[in-house]
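# Residue-level structural notes
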Protein chains: 4
Amino acid sequence: MDKNSFAITPPMGWNSYDYYDTTVTEDQVKKNADFMAANLKQYGWQYIVVDIEWYSNDAGTRREQFQYIPFGDDEIDEYGRFIPSPSRFPSSVGGAGFKPLADYCHELGLKFGIHIMRGIPRAAAERHLPILGTDYSAADAANPSSICGWNPDMYGCLDNDVGQAYYDSIVKLYAEWGVDFIKCDDICDSWMYKPEDFSGWHETRMLHDAIKKSGREIVLSLSPGPAHIDKAFHYQKYANMWRITDDFWDKWELLKNMFFRCEQWQDHVRAGCFPDCDMLPIGKVGAGFKESRDSRFTQDELKTMMTLWCIFRSPLMIGGELTLMTEDNLKLLTNKNLLQLLEDGWKAQQIMRDDNQAIWISKNERFGRRAAAFFNLSEDSSKVLVEQAVLPNEETVTATDIWTDTDVSLSVGSGIEVPAHGVKLYIY
Amino acid sequence: MDKNSFAITPPMGWNSYDYYDTTVTEDQVKKNADFMAANLKQYGWQYIVVDIEWYSNDAGTRREQFQYIPFGDDEIDEYGRFIPSPSRFPSSVGGAGFKPLADYCHELGLKFGIHIMRGIPRAAAERHLPILGTDYSAADAANPSSICGWNPDMYGCLDNDVGQAYYDSIVKLYAEWGVDFIKCDDICDSWMYKPEDFSGWHETRMLHDAIKKSGREIVLSLSPGPAHIDKAFHYQKYANMWRITDDFWDKWELLKNMFFRCEQWQDHVRAGCFPDCDMLPIGKVGAGFKESRDSRFTQDELKTMMTLWCIFRSPLMIGGELTLMTEDNLKLLTNKNLLQLLEDGWKAQQIMRDDNQAIWISKNERFGRRAAAFFNLSEDSSKVLVEQAVLPNEETVTATDIWTDTDVSLSVGSGIEVPAHGVKLYIY
Amino acid sequence: MDKNSFAITPPMGWNSYDYYDTTVTEDQVKKNADFMAANLKQYGWQYIVVDIEWYSNDAGTRREQFQYIPFGDDEIDEYGRFIPSPSRFPSSVGGAGFKPLADYCHELGLKFGIHIMRGIPRAAAERHLPILGTDYSAADAANPSSICGWNPDMYGCLDNDVGQAYYDSIVKLYAEWGVDFIKCDDICDSWMYKPEDFSGWHETRMLHDAIKKSGREIVLSLSPGPAHIDKAFHYQKYANMWRITDDFWDKWELLKNMFFRCEQWQDHVRAGCFPDCDMLPIGKVGAGFKESRDSRFTQDELKTMMTLWCIFRSPLMIGGELTLMTEDNLKLLTNKNLLQLLEDGWKAQQIMRDDNQAIWISKNERFGRRAAAFFNLSEDSSKVLVEQAVLPNEETVTATDIWTDTDVSLSVGSGIEVPAHGVKLYIY
Amino acid sequence: MDKNSFAITPPMGWNSYDYYDTTVTEDQVKKNADFMAANLKQYGWQYIVVDIEWYSNDAGTRREQFQYIPFGDDEIDEYGRFIPSPSRFPSSVGGAGFKPLADYCHELGLKFGIHIMRGIPRAAAERHLPILGTDYSAADAANPSSICGWNPDMYGCLDNDVGQAYYDSIVKLYAEWGVDFIKCDDICDSWMYKPEDFSGWHETRMLHDAIKKSGREIVLSLSPGPAHIDKAFHYQKYANMWRITDDFWDKWELLKNMFFRCEQWQDHVRAGCFPDCDMLPIGKVGAGFKESRDSRFTQDELKTMMTLWCIFRSPLMIGGELTLMTEDNLKLLTNKNLLQLLEDGWKAQQIMRDDNQAIWISKNERFGRRAAAFFNLSEDSSKVLVEQAVLPNEETVTATDIWTDTDVSLSVGSGIEVPAHGVKLYIY
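All values derive from a computational prediction rather than experimental measurement.

## A word on the relation of the copies chain D and chain B
In screw terms, the move from chain D to chain B is a rotation of 180 degrees and a rise of 0.1 Å along the axis, fitting with an RMSD of 0.0 Å. The superposition of one copy onto the other is thereby described by a two-fold rotation axis. For chain D, the smallest separation between a C-alpha atom and the rotation axis is recorded for Asp267 of chain D, amounting to 2.8 Å. Same-surface contact between copies: 100% of interface residues of chain D are shared with the interface of chain B.

Below, the structure is given as structure tokens:
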């Protein structure tokens, strides 16, 4: 099984984190799945992902103090594997785990994903719980010197047979549940350890190997970023997507900064390998963080975000609650002209960027199509010059303006008026 | 109670680590105490210190794999405080703890010390054990993101009332036992954390405050090194001694390197405040490390070590098994001429050092005495020049050669023959 | 003029450095050009490059002390531009500069290149020499705080009009001479400055702009490495080739290490943009370094080097003296099977690498051809496994063994015997 | 000659930089000397120091662009030594150099000092000027890879006989002029080089050796800071004072930060060795920087500055123009109660510091006197607690309030009201 064979294009879906933080429930997940099936599926959206600490029974109960309660009340099976909190995911009781919820998504024609933390539960190691199919216990798999700097749940796994057996045991369980997507956290970058001391490198390989052994086509997504550009080969070899940024939120500075990140990673996008710009904070977000609110991005900034993610071919994971999306939001999420840039065959390139502007072009040799995006990163409406590099072999073309769906003439040397923080995107 | 009032001179004693590693027993400690009382006490030696993991029932049983067994079998009381392993320290049963052993030392006219790790046991936090005198549990005192990089027993304590209450609770217990000396580890330097992220800084203060509250005069010793020279004030404020080096062993490179370390710290030696060159690997060492052996230092190197430690006024902690000391070893440890340099009032200064030689002088204004040590750091016997700075106001003095106890003439401009790796030391 | 339009494939040529150091003369250059025209040209070799300090009259005269004599005797024109040393390049007198030598190469059907240092001569700045076409002097273009850490000739240029005018003035001169290739040094990486303080970034842009203004198709090559992978976009925008390694010499460690470097840069190879593995130390090298010697590489190591450079599509610059090449050397340099991998359309990828082995594959969609290289990085002859990824869609192919030019069967799961430090390369 | 024998107490004087920048003239220097002799000398003030670029004829003429004009018009003698600009220092003509000005100061009972940059003039090296008393030229002494990051005048000197000869030649000249104080810049810390690459370390030794050879008692002051605390021994061995801070100016953040710096260096103050808090921006400053203005410090902040400098025993160098001092300024500069803290025998210690307060105490065993300073670092007037450590052996003493010169009672446990950013200082 070749990991690059089942994630040919950037995964598109919804993730519970931006709206629910650690607290999402089965019912809430289902409503979002229903919405996606009814309104988004036909545009390519398909993943429903339950984010961090679905195994926590007390998640969110001490939010003023902790995002992740240390030594909290977590649900764990006899083999040291976290299982869904029964109060939050009622269908999971009796050993069912996430199977019923995954089935629900599958029946809607969607795919189902979960978040995990790198490693093995600290509680499992302390209690010496056995590892499935071995004579060893979690105490033999856990590296007590490898922890996550911001979440207290796990120890890293040792690079030995016992560690591998643990990873095998969890992925086997997830495959049985019907999981299609694993977002593994604390594994792509660590602020705590120097790169050479970070155990995430071998754990990525072990997780990849476990997926391969499971026989199920499970997409592997790595967090958090920024990924290390000098390790591009490592990510490409073992994962399907990896975060090129720390958590992305609805702040202009973060969005502007993403141009620099995409510039770095532009040559590393290919079938099965997607540098990831992180979730899209669009619509309502923040409820689980005790501040439910509309995304702070303006409509122009949302267009800029969607355009950059699409032309760069980042995975697209919606962060906002789907059932609360406005018409404007939905238009941005269902623009076929725009979303076609995610298709296989497109290859993008930034041809200029300075503090005020950026230009990206993309080419799809298969269909003989091209695209060009003109970004205005400054605080004022202004003109972006059509450089020769946009049209290396001609002076003028007729192009479709993606947002208005009208034809315009694009000429070398002309200036395109773009609003502040906004973008014009053409396909031709 | 002022911490500087009860460690006026550098503490002198014996520590179990170099010979026993994690495995020392009550009987072995007592034999060393007996020996000290009989042979060393009259020269100023007084501390008997039980080093790391006296609470571990399985210490040393998996030595080929682990120095410190992760998730091992440790003895812990109902308040989350480690207590002595009953199999190793039989007198500790029934809640007696180290009191009987401390009493034993006190009756011999000696003092008793123990090693602890910074923080609170991980097991206590996982089990939510209550903290003495509070309504809180260990889970509220433990910082799950603060671990030791090389020992898996503890979490760092949070800088809050609960964390302080835990430190108060352990020091109260130690004071009840009659402990006179605490060597706290993983608190002076951390290779794992950047200085600004290291929780050892506030934990040093909390431990100091707990000692103050206990009312008992307990010397506080911090490990491991190298201590941060830019934080000299911090160590001086809260501790009695702090390691200026990583673990010191019987290798010439480490001994030679100590000259550089003493150079850095020479101006920070004062009553109650002693930069610490670490234990003296003299005699038999290494049994607990599965390689019982004689110290690799030659007699000249041992002299160099003893001289540097004494003229610099480092604490002196013997690392070798006392009952196995040779006559030569004992002569080095009981040279009154040499040990007088530890007395209050001496102030030392390195006046030159290069790759081949070093000269230290010391002055005791109280007694009107001076000392000068001429070290040969090179691989060949050679002459060290008596610089003017050795005798700033005269040309010649009559001095006592410490090792031969004979009078010699010391003259500016003359050369003193010193063997390779050796030293000549004069008092005048 | 688009820089990517005239270096479609990796430049191939000869460079004077590895054999002559700073001392090469006109006569020696011509002999190498003659040899290339007669023996190598038909295989694609075309650049003749005069390396560092061709303007120095005393180059090499104090070699035991200096590689680059500080405040030495350099040839400089009235506009502060270095010109060839007349004693070493007799045809350059009377203002002719390198034109006669460039003409000589052109008549042989070859191209001519020179080495320069980033910036403006320190001597020009001290003497306030005028800058051509401006009212300013070199003192206005030079940044006195920007120097090279290992060569004392230059100051960096300020990022202003005067600095640009200086770069314009030198490239204008080089274009008049007929220069086809500029290797600019001290501009790709600096060990002296932190990246954010390094003036080489804007000087790369200025040099690129000067070439554009000159109207001549001059290849721009940047040294030394390692280039910064996070600045890939920068190099791609302004240069044709950039060193991904510090100076490469005939040591196995350096050759083995190149696999790691190519791994990092594999996705950044494209028409006009070539990460550069540095010169090929093959044949006789070192004469100018006072130790004329045969390359230390074995025949297997030379094959490994040639194969990696070719499949990765690095520029190829021969370092050894051409007129002293052996038959074996020439066979390696003129293997058409091998050199075809440099053609446009090939896209390579490392599919595995560990401490003992590496496998690279390449595909040329245009011609429907593929290649696979199996490297043995270990110290013993051993088998390299044909992974599924070598042949993703079939089990067996018939392939040409490049070195023997015979057909063999290549099957997934089979093991290919490769000598220590050697390689097997197949095209199919 | 022992350097520690002629700067027993912290040097006190005036320096031209804060008011004149690079532009001071002979006449201006004399007026300040006159003022000092008339009004300050009796309080211990004695050094008149001409700061940076007294050899520059065009200093200050392009101030909007450069503080230090690159490749500017500098006065240099036949041996590559800078000499005073004749237009600015008319008495220096005819080879007199600074002798007339030094004589003028000496006749007033003052001492005379000059600023120099580490190394040898770049112009001397370019011109191959001979080095006095040798057969070598400046090109043999200069290290072309060792420059200052912010001033373009010099190259560092090589660590060889020629480099030493150059240092000997300049100090010989200065000694002939009657110079009593050398402030050497770019030698105490370098932002440009990593510590291990910085040539300032050996140049400090060479300068010290040159002073020793000159036979004249010349105080050696090193700039800029922050000095490296781990190299305290180095500074102590070769210099009389060294800057523990980057340039100090009249900003509260810098003053508040100085408490941290003094905390670090408190144990390194002794006769002949003075960590230096930099010049006092009191009175009128900034004229040469094109913004002549009153010090931005409030009266309370000035008191805080003077108290910290004095109790810490920093050298005191007035930065403001002396002839423009107000009565209030002069009172601060001539408070005998305060200035006595600089006398030999005082030993200070910070006993507490947090973000809001700091307490320093000092003891003079010779005279049996003590001092205590209570600093309020916060933004509001508040009480500072008299800790037990202030009076370790008594409960109450009668003390003199330095500013009011009245007696008050100082009691452990009482609170001393101190204005925001202010200080109370007591001697008892």
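## Section: the domain arrangement of chain A
Residue and element names in this part refer to chain A. In terms of domain boundaries, chain A breaks down into domain 1 (3-344) and domain 2 (350-427). Between domain 1 and domain 2, the C-alpha centre-to-centre distance is 33 Å. At the interface, 23 residues of domain 1 touch 26 residues of domain 2. Of the roughly 2200 Å² buried where domain 1 meets domain 2, counting both sides, 61% is carbon and sulfur surface. Here domain 1 is connected to domain 2 by 3 salt bridges. Across the pair Glu263 and Arg353 runs a salt bridge, and its minimum N-O distance is 2.8 Å. In this structure, the connection of domain 1 to domain 2 is made through 10 residue pairs in polar contact (both at pLDDT 80 or more). Residue assignment for the side of domain 1 that touches domain 2 shows that the elements contributing at least two residues are helix H9 (252-265), helix H10 (299-312) and helix H12 (336-339).

## Considerations on the sheet that holds strand E8 (residues 219-222) of chain D
Residue and element names in this part refer to chain D. Strand order in the open sheet formed by 8 strands is E10-E9-E8-E7-E3-E2-E1-E13, and the pairing between neighbours is parallel. Each having just a single partner strand, strand E10 (274-276) and strand E13 (316-318) make up the two edges of the open sheet. Shown here is a sheet whose adjacent strand axes are inclined to one another by a mean of 25 degrees, direction ignored. Where strand E3 (residues 111-117) meets strand E7 (residues 181-185), 5 bridges bridge the pair, whose relative direction is parallel. Among the inter-strand pairings, Met117 is bridged to a residue of E7, identified as Asp185. The strands touched by helix H2 (residues 26-39) are strand E1 (12-15) and strand E2 (47-50); relative to E2, the strand with the most contacts, the crossing angle is about 165 degrees. Where helix H3 (residues 99-107) meets the sheet, its contacts fall on E2 and E3, and the angle it forms with E3 comes to roughly 145 degrees.

Scoring rules and cut-offs
- Residues numbered from 1 in each chain as written.
- Chains lettered and ligands numbered in written order.
- Predicted model: local features only at pLDDT ≥ 70, side-chain atom pairs only at ≥ 80, totals over all residues.
- Heavy atoms only, no water.
- Least-squares fit on C-alpha atoms with pLDDT ≥ 70 in both.
- Contact = heavy atoms within 4.5 Å.
- Domains from an automatic or database assignment.
- Buried area = accessible area lost by both parts, 1.4 Å probe.
- Salt bridge = Lys/Arg side-chain N within 4 Å of Asp/Glu carboxyl O.
- Polar contact = N/O pair within 3.5 Å; in protein donor to acceptor, adjacent residues only side chain to side chain.
- Helix = DSSP H or I, 4+ residues; strand = E, 2+ residues; numbered from the N terminus.
- Pairing = 2+ DSSP bridges.
- Axes fitted to C-alpha atoms, helices over the stretch in contact; angles between N-to-C directions.

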